[in-house]
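Fold and geometry: a report
Spelled out from the first residue to the last, the chains are:
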Amino acid sequence: MKKLMITIVGSSGFVGSHIKKELSRIGCQIKEINSGDIAPCNQNLGVIFYCAGKTANFRDNPIQTIDSTVSLLGKIIDTCSFEHIVFFSSVRLYEKKTI
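Because the structure is a prediction, the values reported are computed rather than measured.

1. Here we look at the overall build of the protein chain
- Within the protein chain, the regular secondary structure consists of two helices and four strands.
- With 99 residues in all, the protein chain has 30% of them scored as buried.
- A separation of at least 24 residues holds for 65% of the contacts in the protein chain among residues at least 6 apart in sequence.

Put into structure tokens, the structure is as follows:
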């Protein structure tokens, strides 16, 4: 039986590492893309779990925040072959505003 091909973008982060652990446990074939990596677009990436994001100092580094959460995703969509993208984010939590 062919293993399901999974690419995890941000597999070293909190969300991505947990997804990687569980998908590895059930026998998926996993490819990882982390900070600074170039997406290997010469092959089908399968199902992409996009978990990348900058969480520290996002106000001081807005360009890095956009690069990690938006720009890389755009490059992957524009240049890579894949079956599906599942987007996860734990970048922001907002408190309920009181009126």
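2. Let's talk about the sheet that holds strand S1 (residues 5–9)
- Sheet architecture is open: four strands sit in the order S2-S1-S3-S4, paired in parallel fashion. Here the strands that pair on one side only, and so sit at the sheet edges, are strand S2 (29–33) and strand S4 (84–87). Across the sheet, the mean angle from the axis of one strand to that of its neighbour is 20 degrees, orientation sign disregarded.
- Pairing geometry for strand S3 (residues 47–50) and S4, over four bridges, is parallel. Counterpart to Ile48 in the pairing with S4 is Ile85.
- Along the sheet face, helix H2 (residues 62–79) touches S1, S3 and S4 and points at about 170 degrees away from the line of S3.

3. Points about the pairing of S3
- Residue alternation in S3 divides its side chains into two sets, Val47 and Phe49 and Ile48 and Tyr50, and both sets are buried.
- Two strands pair when backbone bridges link them, and S1 and S3 are joined in this way by four bridges, in the parallel orientation. Bridging from a neighbouring strand, Val9 pairs with Tyr50 of S3.

4. Some details on the side chain of Ser11
- Here Ser11 lies in the loop between S1 and helix H1 (14–25).
- We classify Ser11 as buried; its relative accessible area is 3%.
- Side-chain polar atoms of Ser11 contact the side chain of Glu32, separated by 2.6 Å.
- With sequence-adjacent residues up to four places away left out, Ser11 is seen in contact with Gly16, Ser17, Lys20, Glu32, Ile33 and Asn34.

5. A few points about the confidence of the model for the protein chain
- Of the residues in the protein chain, 84% reach a pLDDT of 70 or more, and the chain-wide mean stands at 83.
- Element-level pLDDT for the protein chain is lowest in H2, with a mean of 81, against a maximum mean of 95 in S3.

6. Examining the side chain of Lys31
- Looking at the element boundaries, Lys31 is found in strand S2.
- Contact partners of Lys31, with chain neighbours within four places excluded, come to Met5, Ile6, Thr7, Ile8, Pro40, Gln43 and Leu45.

7. So, H2
- End to end, H2 covers 24 Å across 18 residues, agreeing with the expected 26 Å (1.5 Å per residue, within 8%).
- In H2, a bend of some 40 degrees at Ser68 exceeds every other bend along the element.
- Packed against the buried residues of H2 are S1, S3 and S4.

8. Observations concerning the pattern of salt bridges
- The final tally for this structure, using the stated rule, is two salt bridges.
- Notably, a salt bridge pairs Lys20 with Glu32, separated by 3.1 Å at the nearest N-O pair. Of the two residues, Lys20 sits in helix H1 while Glu32 sits in strand S2, which places them twelve residues apart along the sequence.
- Between Arg25 and Glu22 there is a salt bridge; the shortest N-O distance is 2.6 Å. With Arg25 and Glu22 both in helix H1, this residue pair falls three residues apart, about one helical turn.
- When its relative accessible area of 39% is taken as the criterion, Glu22 is described as partly exposed.

Thresholds, definitions, all that
- Residues numbered from 1 in each chain as written.
- Predicted model: local features only at pLDDT ≥ 70, side-chain atom pairs only at ≥ 80, totals over all residues.
- Heavy atoms only, no water.
- Helix = DSSP H or I, 4+ residues; strand = E, 2+ residues; numbered from the N terminus.
- Buried < 20%, exposed > 50% of the residue type's maximum accessible area, 1.4 Å probe, protein only.
- Contact = heavy atoms within 4.5 Å.
- Pairing = 2+ DSSP bridges.
- Axes fitted to C-alpha atoms, helices over the stretch in contact; angles between N-to-C directions.
- Polar contact = N/O pair within 3.5 Å; in protein donor to acceptor, adjacent residues only side chain to side chain.
- pLDDT = per-residue confidence, 0-100.
- Expected span 1.5 Å × (residues − 1).
- Bend = angle between axes of the 7 residues up to and from the residue.
- Salt bridge = Lys/Arg side-chain N within 4 Å of Asp/Glu carboxyl O.

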